[in-house]
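Summary of the model geometry
Spelled out from the first residue to the last, the chains are:
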Amino acid sequence: MLEINNLHVKLEEEDKAIIKGLSLSVEPGKVHAIMGPNGSGKSTLSYVLSGKDGYEVTDGDATLLGEDLLEMEPEERAAAGLFLAFQYPVEIPGVGNMTFLRTAVNAQRKARGEEELSAGDFLKLVRAKAKSLKIDADMLKRPVNTGFSGGEKKRNEILQMAMLEPKMCILDETDSGLDVDAMKLVSEGVNALRDAGRSFLVITHYQRLLNHIQPDVVHIMADGKIVKTGGPELALEVENNGYADILAEVA
Amino acid sequence: MALPQAKQDTTQARLSALALPQDGGWLGAARDAALGRVRAMGLPGARDEYWKYTRPAALTAPKAGTAAVLVTDEAPVFDAIDRVKLVFVDGVFDAEASDAPELAGVEITQLAEAGAADIHWAKDLYGVLEAAGQVPVERPLAALNTAAAEQGVVIRVTGKAAKPVNLIYRHVSETSDAMMHHVVRVEAGAELTLLENGPAAARLNSVLEVDVADDAAFHHVRAQGRDHDRVAATHIFGRLGTRSLFKSFTLTANGALTRNEAVLELTGDDVSAHVAGAAMGDGDFHHDDTVFITHDAVNCESRQVFKKVLRNGAVGVFQGKILVKEGAQKTDGYQISQSLLLDDDAQFLAKPELEIYADDVACSHGSTSGAIDEEALFYLRARGIERAEATDMLTIAFLAEALEEIADEALADDILSRLESWLLRRRG
């Protein structure tokens, strides 16, 4: 599904390397988690993969289902099946949440040569999906993320994911700013989307999210590289002993 | 104090080029009085403080410049709205092209006819609100209009009008010079929606005087034509009675020079007065919104919401003032002027002013200038929306607060579709 090979990334504005030779392979239907201390480059990885400006890839490559991700515009990556659940979803006053969702769904369908959803079909679909995430009509009507609580913003991200039905989902610190109930709701939303044709890359500081979204593989990232890969037990090790032991062991 | 020679010359040259109407009667007297005001004030000059950001030369020149007539197959704005149409071609009323001026609760008379009759309410308004609006800031182009305009409508509203009255301004001649002066009196408890659309002429000078009586409502939605070379100076003078509602929205897309002035006096308590505008400029475009709102009563609310989208050398100007007179307690005044600069060549100049002589008021004002929010743009694109469409979505979102000032949903949707088309035509 997602293949990252020897990826090197630096900030465009300054000569500072952030990702230093990262390789990763996520198979279809699998959930991979990336854990790591602050500043290890986890969020940068999510931005580079989704096409945000300000980063320069100096070496390596990344493909989604064999297509070169790094050559594509952000919207092309989305249409190809990539989805980033933002750590900090952006507030967009003046754009209704519903209008935004419908424009996004139809833009992707159009890009893939599929027929656009009719207003009626879209409404039916969004209502059903919103309900399971406890997103009420008011939240759908309000401007995108504007005035939403932290939990509402994250639920709104998952709603977008459910509507867009991507193949490869990157969740960037989706647990940040969530209380226990909200985390449960968000995790249920994610778990409902798990299937054989869809993969996840879950980026998190903490093991607690992984209690709810069970990973198949856990990677530890430090200083721009994957330093250790293991099963779910690796996340527990981090939870119990912190990163220091693992980093010392691989150093 | 004698006027500077240059100002005297400009004024004299402009007046000499006009065939001033010689009708006598009450209208003639009002025109004579206005002519006196013009001579005393002189026409605006580049050195006038009130014209610091906008060069008035094209508006005060003896002759109108040339403006190509825009040919488009787009349906005119408001076309789908059920309304009474009154058509002016290059500023001259065209009865053939117009609907019969019949609407329950609304009396519509052409200015020339009204001048020949003894219509006391029109007599009490024509040039009267304009004259009152000359203090504390002079607006000589409005006085010139009162003195010279022969075209216009006089509307008296005695009930709740079932549909809007639409003044349609067609531009046919490339050198037309139009002057129109409309007077509207909305009687106590009555309601009217007035629509205006079209470029009107190569050069337009228009005045609209609106007297909104107690408990009456006046809605105004205007779309100034898209002809690129046209120039226009427009004035709205409003006098607002107790518990009245006044809402005016203007869409300006294109036009080499536009100066829209709104001068409102809140004379009764509990008034709600909103003036809003959305301006879209690309290239040779200079748009100036100049607003002066005077609170002279208790517990009134006023809003000024002006948004400008500028690119490719376009210039936007905002001069907005809230004057709260002594005793105008519980005033709630709000003013926002913002520009979205789509490239580095566009320019926005803003002069927001508050002058407050009452101690129990809440007034706020803000002015910003900025580019498209890159974070928001990336967020939309990351969801699969192409850059151009995402940019347009954010542009429309920027304008939303101004559009929300249009109360009627069908009218708001119509205006919105114009904005979307304007943006769509500019997609690469």
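Residues numbered from 1 in each chain as written. Chains lettered and ligands numbered in written order. Predicted model: local features only at pLDDT ≥ 70, side-chain atom pairs only at ≥ 80, totals over all residues. Heavy atoms only, no water.

The name that an unreviewed UniProt entry assigns to chain B is Fe-S cluster assembly protein SufD, with the source organism given as Actibacterium mucosum KCTC 23349.

If you look chain A up in an unreviewed UniProt entry, it shows as Cysteine desulfurase from Actibacterium mucosum KCTC 23349.

1. Remarks on the interface of chain A and chain B
At the interface, 29 residues of chain A touch 17 residues of chain B. Summing both sides of the interface, chain A and chain B together bury roughly 1,900 Å²; the carbon and sulfur share of this comes to 66%. Where chain A touches chain B, the interface holds 4 salt bridges. At the junction of chain A and chain B, the tally comes to 11 residue pairs in polar contact (both at pLDDT 80 or more). Elements with a minimum of two residues in the side of chain A that touches chain B: α1 (42–50), α2 (74–80), β6 (82–85), β7 (92–96), α3 (97–111) and α6 (150–164) of chain A. For the side of chain A that touches chain B, the class distribution of residues is 17 nonpolar, 7 polar and 5 charged. (Contact = heavy atoms within 4.5 Å. Buried area = accessible area lost by both parts, 1.4 Å probe. Salt bridge = Lys/Arg side-chain N within 4 Å of Asp/Glu carboxyl O. Polar contact = N/O pair within 3.5 Å; in protein donor to acceptor, adjacent residues only side chain to side chain. Helix = DSSP H or I, 4+ residues; strand = E, 2+ residues; numbered from the N terminus. Nonpolar A, V, L, I, M, F, W, Y, C, P; charged D, E, K, R; others polar.)

2. A closer look at the sheet that holds strand β2 (residues 17–26) of chain A
The pairing of strands in a sheet comes from backbone hydrogen bonds and takes either a parallel or an antiparallel form. All names here are of chain A. What the 4 strands build is an open sheet, ordered β2-β1-β4-β5; its pairing is antiparallel. Single-partner strands in this sheet number two, and they are β2 and β5 (67–68). One ladder, built from 8 bridges, connects strand β1 (residues 2–11) with strand β4 (residues 55–64); its direction is antiparallel. Across the sheet, lysine 10 pairs through a bridge with glutamate 56, a residue of β4. Together, β1, β2 and β4 form the strand contacts of α1, whose direction differs from that of β1 by roughly 105°. (Pairing = 2+ DSSP bridges. Axes fitted to C-alpha atoms, helices over the stretch in contact; angles between N-to-C directions.)

3. Side note on the packing of aromatic side chains
Evaluation of the coordinates by the stated rule reveals 10 aromatic pairs over all chains. When the ring of phenylalanine 86 of chain A is compared with that of tyrosine 379 of chain B, the centres are 4.8 Å apart and the planes differ by 70°; the resulting orientation is edge-to-face. Taken together, the positions of phenylalanine 86 of chain A in the loop between β6 and β7 and tyrosine 379 of chain B in helix α8 (residues 374–382) put the pair across two chains. Judged by centre distance (5.4 Å) and plane angle (40°), the rings of phenylalanine 306 of chain B and phenylalanine 318 of chain B are tilted. Residue phenylalanine 306 of chain B is located in strand β16 (residues 301–311), and its partner phenylalanine 318 of chain B is located in strand β17 (residues 315–324); the two are separated by 12 residues in the primary sequence. Residue phenylalanine 306 of chain B shares its accessibility class with phenylalanine 318 of chain B, and that shared class is buried. Of the aromatic side chains, those joined through ring pairs into one cluster are Tyr47, Tyr55, Phe86 and Phe100 of chain A together with Phe378 and Tyr379 of chain B. Here the basic side chain of arginine 383 of chain B rests over the ring of tyrosine 379 of chain B, its NZ or CZ set 5.1 Å away from the ring centre. (Phe/Tyr/Trp six-rings, centres within 6.5 Å; stacked < 30°, edge-to-face > 60°. Buried < 20%, exposed > 50% of the residue type's maximum accessible area, 1.4 Å probe, protein only. Lys NZ or Arg CZ within 6 Å of the ring centre and 35° of its normal.)

4. Regarding the sheet that holds strand β8 (residues 191–198) of chain B
Residues and elements named next belong to chain B. Pairing is mixed in the open sheet, where 10 strands are placed in the order β2-β1-β6-β8-β10-β12-β14-β16-β18-β20. The outermost strands of the open sheet, each flanked by one partner alone, are β2 (92–93) and β20 (362–370). As paired elements, strand β10 (residues 217–224) and strand β12 (residues 245–253) share 8 bridges and run parallel to each other. Each residue of the ladder has a partner; that of glutamine 224, found in β12, is threonine 252. Across the sheet, helix α9 (residues 387–403) lies against β12, β14 (272–282), β16 and β18 (332–341), angled at about 155° from β16, the strand it touches most.

5. As for unusual backbone geometry
All names here are of chain B. A cis geometry characterises the amide bond from valine 135 onward to proline 136, with omega recorded as 0°. Structurally, proline 136 can be placed in the loop between α6 (128–132) and α7 (140–148). A positive phi angle, near 60°, is found at asparagine 312, a position not held by glycine. Among the secondary structure elements, asparagine 312 is positioned in the loop between β16 and β17.

6. Remarks on the UniProt feature "domain: ABC transporter" (unreviewed entry) in chain A
What UniProt calls "domain: ABC transporter" (unreviewed entry) maps, in this numbering, to residues 2–248 of chain A. Across residues 2–248 of chain A, the secondary structure splits into 40% helix and 29% strand, with the terminal C-alpha atoms separated by 29 Å. (UniProt positions renumbered as here; feature names shortened; annotations may be inferred.)

7. Some words on the packing of α8 of chain B against α9 of chain B
Geometrically, a packed helix pair is captured by the angle between its two axes and the distance between the axes. All names here are of chain B. Two elements in contact, α8 and α9, have axes whose closest approach is 9 Å; the angle formed by their N-to-C orientations is 130°. Taken together, the axes of α8 and α9 are oblique relative to one another. As for the relative orientation of α8 and α9, their crossing is right-handed in sense. Facing α8, whose interface residues are Ala376, Leu377, Leu380 and Arg381, α9 presents Arg387, Ala390, Thr391, Met393 and Leu394. (Parallel < 35°, antiparallel > 145°, perpendicular 65-115°, else oblique. Left-handed = near helix turned anticlockwise from the far one by under 90°.)

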